[in-house]
Amino acid sequence: MKRFLFAFATLFLPFFAAAQDFEFGQYQLDELTMKSYPKDTAAHAVVLREIGDARIQLDAVDNLRLFFTYHVKIKILDEKGYKKGNIELPFYTGDNNTMEEISDIKGITYYTDENGNSQQAVLEKKNIFTEKNDKHWSSIKFAMPSLRKGCVIEYSYHEISPYYYYSFHTWEFQDDIPKVYSEFTAHIPAYYTYKATLRGPLKLTKNLGEVENDCISIRGVKNPCSKLTYAIADVPAFVEEDYMTAAKNYLSAVYFDLENFVNPYTGVKNRVTKEWADIDKELKDNQEFGSQMKKKELFKEKIKEITAGKDDLTKAKAVYAFVQKWFKWNKYVGIYSEDIKDAVAAHTGSVGDINFSLASALNEAGIPSEVVLLSTRSHGTINMLYPVINDFNYVIVKANIGEKSYFLDATDPYLGFGMLPLQCINDKGRVYSLNKPSYWVDLTNIPQRESDSYTFDLTLEPSGKFKGTMTHYSTSYSAYKKRLAIKKFNSVDEYVENLDEKMPEIKILKSQIDNLDSLDLALGEKYEIEMNGFENTSRDSYNFNPYVVEHRIVNPFKLAERDYPVDWGMPSATNCNVIVHLPEGFSAEAPAKTWALALPNNGGRFITNFEGSGNQFTFSYLTQFTKSVYSPAEYPSLKEFYNRIISAERERLILKKKAE
Amino acid sequence: MRSTFLLALLSAFLIKANAQQTYEASAIPKELLPYASAVIRDYDTHVEVKDLDNVTTHVRQAITVLNKNGEDAAHLALFYNKSAKIGSIKGIVYDEFGKVIDKFNESKFQDQSVVNDDLTLFFDLRVKHYIPAIMQFPYTVVYEYDLRSKQSLILHDWVPVEENATALEKSSYTITCKPDFNIRYKEMNLQNSANVTTNDKGAKSYTWQINNLKARRNEPYSPVWETYVPHLKIAPEKFSYEGFSGSFTNWKELGKWQYDKLLTNRQALPESTIAHIKSMTDNVSDPKEKARLIYEYMQGRTHYISVQIGIGGYQPFLASDVDKLNYSDCKGLVNYTQALLKVAGVDSYFCVVKSGDEKVSLLPDFASMNQGDHVILCLPFKNDTTWLECTNQKIPFGYLGYFTDDRLVLACTPDGGKLMHTPKYTYDKSTQTRIGEFNIAADGTVAGSITTAYKGRQYENRQAIIEESNVERKKLIPKHYGINNLVVKSLDYSQDKLLQPVTTEKLSFEAKDFAIITNNKLQFSLNQVNRSSVPREVRNRVNSLYINDGFTDEDELVYTVPSGYKLKRLPLIINIEKPFGRYSASAMMINGKLIYKRKLQIIDGTYDKALYDDFIDFYTQVSEKDRLEAELVKDVN
């Protein structure tokens, strides 16, 4: 079985090796004649060879910069592979002093023409475009010329970047197409010490190192570099599966994080990311972090006004609701804030702006609050081996009230107190405050779940129609989702009208929605309904489907086996009670059996229950998943569990008229 | 002298009064509130044609956002490029009671490139956009901005309310033209026609107004929006565009201009390609066969990538460039194909079309440049007009598919433009015909095979799967059948690219727990391969019932059950006929086999809105019958 876990391995300093780039503009005949890739016959394209080389060097005006060279040769096997011939290279344009630059773009397509002759087409400069995407980002775009089935494309470029300090160039060995060979070389001057980490399940097939003497010269002083070479041969294509978190967690790649740095001009050694204590100090001194956290009295008298005379929990809730309503989140994610005062004045800001403001307001109200750095689900998991600040991309608040603590995110006005958006429920968070050392907290077992409870109380009329009530309580994250659904309409009436229109079998006669704006309470929906049942009640027996909600027909899990965990983010439970009053003379036959299915290790259950007496019966069923994440080893039982639920839900109750 | 002064004073006074307007939310007429999440209070556009290469537009709009859902209506996005510049922009935000809470200008706008997709290499259009950051509803935002355009070919159309769920209090549109500049216009669903005035210098002004429009709801099966949304289209007689100039008053002239100015002299090809085309077609006598060979050659060596810069938005790449690069956009690929066909002596027309699943025709009685968004090629063989889509490497010769079928397009010919109608795939020829055999074992497991043929508008139904690898296809196909636990044994596709193309899917499979067997009773769902769902009901419907896609689905499934079982109930027989469709289904035992047949026909067209309830009722019955369970009991005798 494949290893799926977040594989982190520290790469130890390797020994020695030689340069591996290949000559540009050359091709082999067998590369052109190859018709498919035997190791992956599903591939639309395959990387034949890919070489990256990154080094820290002085540029023309003596600035230390990261020089990166990329060179690749790709075989295009079919039309779906053509997209590998459309290349987009984004680069950061930050400000004019520290812009990334991409240059020396070269490209050649090798192909066989109609007459069977080998030909080459060269990428022309006029067909290379630069597009400004927004204030901070631009991209170079080009399409390889003369693509056709079976062609081979080759291209290379140089990139010069001022952004390498904390994390040297990352190299992803894996992509959505397979690779025959992928190799990366890092030349790191002795001034820098980076820690290299290999992520993903694949093993390096080459891991070598040597010392390059005199590789960099600063003010006449020559210094050596470490030259590190990493390569993997036969890299399989990465295939995404449903219900998984960031692909990045599982992609094989090598990451570099700065450990320490000796200033070549002053000789002063800067330890960079050795310990959390260092990071704590750095953050505290950071203009866009610690300095923002220190800001007070953002909302002037307003916090006092809304918290006066309240107990701590009520105070915290009032502050949270106030900040939620104050800000309109601008959809920017990040752990920093340029200036929370500006954000408060503008009523809009990033995750950092909003949640730093929340922490400040809570502290002002006497609720001791910290911030929690985390990585969202799409951003990936955290490296636990040593601190890497770039692993985090989101910040929330931890409010401490007595023995309890609550995680808060004020970017979304519909989240209840203590609830987090699904994106934030990922791995671990690092709790940070101005006056204490930071520490880890688990974000995967916060008390949040999807919970729905339905009750149907129906009377079968002689006409064959059912009349009665339908009640639905949504709790926790389900209530949040329901509120979002209702708020999509201009009024509750419009929501109900739409709901009614979507269910042609059911007519809603009256409705009542409770706690729509009380975000911490269960959301209640009560409907008086009339439901199509049978054409009449004159027959002796009828089949009745008691699975009136969430009737599952097809298993969501179709793969024979999975490589990655099923990650739903939180537990869930749905229960449904169906009470039916039948006309005089009718009764319901008890089902052949009731069900009590369970997943191993209390992972979940499915239970049905039937109680009948006279012309009345109650059928209830419960589906529960107690875990947020199910490992690939648990996958077969999860899939089978669904299958058995589906079989169970195909059964019908028989409603019978008593023989006269 | 004096009167001018007075006028200046008066207009200054007017602007001031206007600026003082505060837009209290409570002043919105009550009848405009239902289904509205935003209300356009005021929306005035003034276009001034100062010269052929100098057209300015001044817009002032006030929008009250009633709740969070209405935020999109307050989102202002202004597009620009080298020849269409944005002048000043300013704005004010008022709270519910009309108190100013924010003022802003262009510096608050975000600047972005417009398209970012895999298939676009470069597009010179950019956008500046803004949305107020307000969490307290309702609020009102007032925008005022100027646009300056260096062309007069495409004039600012007027659509007072573009989005659903938005009501309108009042809007006006004025276009003022320098004396020798004439316009043509088409009013659609407007309340009043133009009020025309001429000033003392001979400049004509046309003004339209519209008031009190209720918010539109999203109604499923609505006609294309052009047929019911109020709007105005404007076209110039004389114009200038990116250094080109011309004039037109009808499609013939517009097509002629495009042919002469944008299309001619762009079809030179390298000698080697000419030689190749000749050697390929010289021994073929039938021109249609020549065309087919050339089309397939073109498909084999090109692919679609979009590059739009300046006049390149309307003018194709040189055929010689496409020959070298192997990629281009629709114009470039059509022009290239046309050039290749010309080598073999086959005539063809470059045709402008409005593309998309929804069938939108160019307006037969109103010619203007901004109605199409795609081009295709027409081969005017005698009594056998043939159409080619040139941006798709897989599509059969002569097949257009749902992207451009059944609509009016503009053919740009040497004799001028002419409107032509693309082929229609009628509902009875757009078929999905399926035959299935299911062998149910004593433990409820099924083994079976299903063969399905797709034709007409349904020919491309499985295209996305077909283009995947075999491994991927097997993963995807279970999502298209409702059979639980479907394990694919084999899956094959063939595509017959003849003039009536057919896609055939052959699937053999197994599935456990297909039938439930308990106490001598065998139960399974009769139709797990093609189930209809019911569209949303609409109370107080406004729009006609419009069915864009007509089709015919036929399924015949033969179930072999373990011996000794008999149907418990009467066989299913149902037959429903309505003006918009027919449904029939039956199930009966014949020689120990249960044979299920289903036929659903939906007839495309526009129907009275009163039929919509019938339509829902029809689908409710279809959906219910599609979910019928077969119950068989063992004959214990």
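Residues numbered from 1 in each chain as written. Chains lettered and ligands numbered in written order. Predicted model: local features only at pLDDT ≥ 70, side-chain atom pairs only at ≥ 80, totals over all residues. Heavy atoms only, no water.

**Regarding the overall build of chain B**
In step 1: A tally of regular secondary structure across chain B gives nine helices and 38 strands.
In step 2: Within chain B, buried positions represent 54% of all 637 residues.
In step 3: In the structure as shown, chain B presents an accessible area of about 28,300 Å², 50% of it carried by carbon and sulfur atoms.
In step 4: The average position of the 78 basic charges and that of the 79 acidic charges among the side chains of chain B differ by 1 Å. (Helix = DSSP H or I, 4+ residues; strand = E, 2+ residues; numbered from the N terminus. Buried < 20%, exposed > 50% of the residue type's maximum accessible area, 1.4 Å probe, protein only. Areas by Shrake-Rupley, 256 points an atom, 1.4 Å probe, with all protein chains shown as cover. Lys, Arg positive; Asp, Glu negative; His and termini not counted. Charge placed at Lys NZ, Arg CZ, Asp CG, Glu CD.)

**Some words on the pairing of strand β8 (residues 126-130) of chain B**
Here is the key point about a regular strand: its side chains alternate between the two faces of the sheet.
Residues and elements named next belong to chain B.
In step 1: Of all the five residues making up β8, five are buried; the element is thus mostly covered by neighbouring parts of the structure.
In step 2: Side chains of β8 alternate between two faces, with Arg 126, Lys 128 and Tyr 130 and Val 127 and His 129 buried alike.
In step 3: Note that strand β3 (residues 76-80) and β8 share five bridges and pair antiparallel. Across the sheet, residue Ala 77 finds its bridge partner in β8, namely His 129.
In step 4: Of the strand pairs in this sheet, strand β6 (residues 110-113) and β8 are connected by four bridges, and their pairing is antiparallel. Bridge pairing in β8 places Gln 110 opposite His 129. (Pairing = 2+ DSSP bridges.)

**Quick notes on the sheet that holds β8 of chain B**
Residues and elements named next belong to chain B.
In step 1: Reading across from one edge, β3-β8-β6 is the order of the three strands in this open sheet, with antiparallel pairing throughout. Sheet topology places β3 and β6 at the edges, where each strand pairs with a single neighbour. Each strand of the sheet is rotated relative to its neighbour by a mean of 25 degrees, with strand direction disregarded. (Axes fitted to C-alpha atoms, helices over the stretch in contact; angles between N-to-C directions.)

**Some words on the sheet that holds strand β6 (residues 118-122) of chain A**
Residues and elements named next belong to chain A.
In step 1: Across the sheet, eight strands lie side by side as β6-β5-β9-β3-β2-β11-β14-β13; this open sheet has mixed pairing. For this open sheet the edge positions go to β6 and β13 (206-218), each flanked by a neighbour on one side alone. Pairs of neighbouring strands in the sheet enclose a mean axial angle of 15 degrees, with direction left out of account.
In step 2: Summarising the sheet, β13 and strand β14 (residues 221-235) pair through ten bridges and their orientation is antiparallel. The residue bridging Val 211 from the neighbouring strand is Ser 226, located in β14.

**Structural notes on the packing of aromatic side chains**
Residues and elements named next belong to chain A.
In step 1: A full pass over the atoms with the stated rule returns 81 aromatic pairs over all chains.
In step 2: Ring geometry for Phe 557 against Tyr 642: centres 5.7 Å apart, planes inclined by 75 degrees, an arrangement best described as edge-to-face. With a gap of 85 residues between them, Phe 557 in the loop between β28 (541-544) and β29 (566-567) and Tyr 642 in helix α10 (residues 635-648) connect regions that are remote in the sequence.
In step 3: Just above the ring of Tyr 255 sits the side chain of Arg 199; from NZ or CZ to the centre is 5.0 Å.
In step 4: A cation over a ring is seen here: Lys 593 above Trp 595, with NZ or CZ 4.2 Å from the ring centre. (Phe/Tyr/Trp six-rings, centres within 6.5 Å; stacked < 30°, edge-to-face > 60°. Lys NZ or Arg CZ within 6 Å of the ring centre and 35° of its normal.)

**Focus on the interface of chain B and chain A**
In step 1: Residue-level contacts link 73 residues of chain B with 67 residues of chain A.
In step 2: Note on chain B versus chain A: buried area summed over both sides is about 5,500 Å², and carbon and sulfur give 44% of it.
In step 3: Its largest share of buried area at the contact with chain A, chain B owes to Leu 121, Met 135 and Asn 484 of chain B, together 11% of the area lost on that side.
In step 4: In this structure, the connection of chain B to chain A is made through nine salt bridges.
In step 5: Residue Glu 497 of chain A is joined to Arg 217 of chain B by a salt bridge in which the shortest nitrogen-to-oxygen separation is 3.8 Å.
In step 6: At the junction of chain B with chain A, the criterion picks out 32 residue pairs in polar contact (both at pLDDT 80 or more).
In step 7: Of all the secondary structure elements, the ones that give two or more residues to the side of chain B that touches chain A are β6, β7 (120-123), α4 (287-301), α5 (319-325), α8 (470-476), β30 (521-525), α9 (612-626) and β38 (629-634) of chain B.
In step 8: Taken together, the residues of the side of chain B that touches chain A sort by class into 27 nonpolar, 22 polar and 24 charged. (Contact = heavy atoms within 4.5 Å. Buried area = accessible area lost by both parts, 1.4 Å probe. Salt bridge = Lys/Arg side-chain N within 4 Å of Asp/Glu carboxyl O. Polar contact = N/O pair within 3.5 Å; in protein donor to acceptor, adjacent residues only side chain to side chain. Nonpolar A, V, L, I, M, F, W, Y, C, P; charged D, E, K, R; others polar.)

**Thoughts on the nonpolar core**
In step 1: Core analysis: the largest hydrophobic core is formed by 70 residues, its most contacted members being Tyr 336, Leu 340, Cys 351, Leu 379, Trp 387 and Cys 390 of chain B.
In step 2: Looking at this core, the element that brings in the most residues is helix α6 (residues 330-343) of chain B, giving seven residues.
In step 3: Excluding its chain neighbours within four sequence positions, the residues that come into contact with Leu 340 of chain B are Leu 269, Thr 273, Ile 277, Ile 294, Tyr 297 and Met 298 of chain B.
In step 4: Listed in part, the 60 residues of the second largest apolar core include Ile 303, Val 319, Leu 415 and Phe 417 of chain A. (Core = buried A, V, L, I, M, F, W, Y, C linked by side-chain atoms within 4.5 Å.)

**Focus: the packing of helix α3 (residues 271-281) of chain B against α4 of chain B**
All names here are of chain B.
In step 1: Remark: α3 packs on α4, axes separated minimally by 10 Å, with the N-to-C direction vectors making an angle of 135 degrees. The pairing of α3 with α4 is recorded here as oblique in orientation. Crossing geometry of α3 relative to α4 is assigned as right-handed. Contacts between α3 and α4 involve Thr 273, His 276, Ile 277, Met 280 and Thr 281 on the former and, on the latter, Lys 290, Leu 293, Ile 294, Tyr 297 and Arg 301.
In step 2: Classifying every residue of the contact of α3 with α4 by side-chain character gives five nonpolar, three polar and two charged. (Parallel < 35°, antiparallel > 145°, perpendicular 65-115°, else oblique. Left-handed = near helix turned anticlockwise from the far one by under 90°.)

**Quick word on the confidence of the model for chain B**
In step 1: Looking at chain B as a whole, its pLDDT mean stands at 92, while 96% of the residues score no less than 70.
In step 2: In this model residues 1-19 of chain B is a low-confidence stretch, pLDDT under 50, and it forms two contacts with partners more than four residues away in sequence or in other chains. (pLDDT = per-residue confidence, 0-100.)

**Things to note about the pattern of salt bridges**
All names here are of chain B.
In step 1: In this structure the tally under the stated criterion is 68 salt bridges over all chains.
In step 2: Across the pair Arg 126 and Asp 111 runs a salt bridge whose closest N-O atoms are separated by 3.1 Å. One end of the pair, Arg 126, is in strand β8; the other, Asp 111, is in strand β6, with 15 residues separating them in the sequence.
In step 3: By relative accessible area, Asp 111 is classed as partly exposed at 23%.
In step 4: Across the pair Arg 292 and Glu 289 runs a salt bridge, and its minimum N-O distance is 2.6 Å. You can see Arg 292 and its partner Glu 289 sitting in helix α4, three residues apart, about one turn around the helix.

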